[in-house]
Amino acid sequence: MPIKIFSAALAAVLMLCFLAPPVLKLKEIALGAVILIAIVMMLIDLWQSLQSREE
């Protein structure tokens, strides 16, 4: 279980680091909103997969 939590946190940080530069450089609000929605969906999916009892 600790490996799953570490992997999930690492995936979230890497996705944020990968998608932040284009949003900050282009300063497009629509692009930022779409990426924010995608990140929230990813975090919800990660949370649900960590909560599942299947190993």
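What counts and what doesn't
- Residues numbered from 1 in each chain as written.
- Predicted model: local features only at pLDDT ≥ 70, side-chain atom pairs only at ≥ 80, totals over all residues.
- Heavy atoms only, no water.
- Helix = DSSP H or I, 4+ residues; strand = E, 2+ residues; numbered from the N terminus.
- Rg over C-alpha atoms; globule rule 2.2 N^0.38 Å.
- Areas by Shrake-Rupley, 256 points an atom, 1.4 Å probe, with all protein chains shown as cover.
- Patch = residues over 30% accessible without salt bridge, like charges linked within 9 Å, V, L, I, M, F, W, Y side chains within 5 Å.
- Salt bridge = Lys/Arg side-chain N within 4 Å of Asp/Glu carboxyl O.
- Buried < 20%, exposed > 50% of the residue type's maximum accessible area, 1.4 Å probe, protein only.
- Expected span 1.5 Å × (residues − 1).
- Core = buried A, V, L, I, M, F, W, Y, C linked by side-chain atoms within 4.5 Å.
- Contact = heavy atoms within 4.5 Å.

Looking at the overall build of the protein chain
Working step 1: From N to C terminus, the protein chain includes two helices and zero strands.
Working step 2: At 13 Å, the protein chain has a C-alpha radius of gyration far larger than the 10 Å of a compact globule built from 55 residues.
Working step 3: Overall size of the protein chain, expressed as C-alpha extent along the three principal axes, is 40 × 15 × 10 Å.
Working step 4: Summed over all atoms, the accessible surface of the protein chain reaches about 4700 Å², with 77% contributed by carbon and sulfur.

So, a nonpolar patch on the surface
Working step 1: On the surface, F6, L10 and L14 cluster together into a nonpolar patch covering about 320 Å² of accessible area.
Working step 2: Structurally, F6 can be placed in helix α1 (residues 2-26).
Working step 3: Looking at F6, the relative accessible area reads 57%, which means it is exposed.

Quick word on helix α2 (residues 29-51)
Residue pairs three or four apart in sequence face the same way in an α-helix, which turns once every 3.6 residues.
Working step 1: Compared with an ideal rise of 1.5 Å per residue, which puts 23 residues at 33 Å, α2 spans 33 Å between its outermost C-alpha atoms and is within 8% of the ideal.
Working step 2: Residues I35, I39, M42, L46 and L50 constitute the buried set of α2.

Remarks on the nonpolar core
Working step 1: Counting residues in each nonpolar core, the largest one holds five residues, listed as A8, A12, M42, L46 and L50.
Working step 2: Taken together, the elements giving at least two residues each to this core come down to α1 and α2.
Working step 3: Of the residues forming this core, the biggest block, three residues, is contributed by α2.
Working step 4: Excluding residues within four positions of it along the chain, L50 makes contact with M1, K4, I5 and A8.

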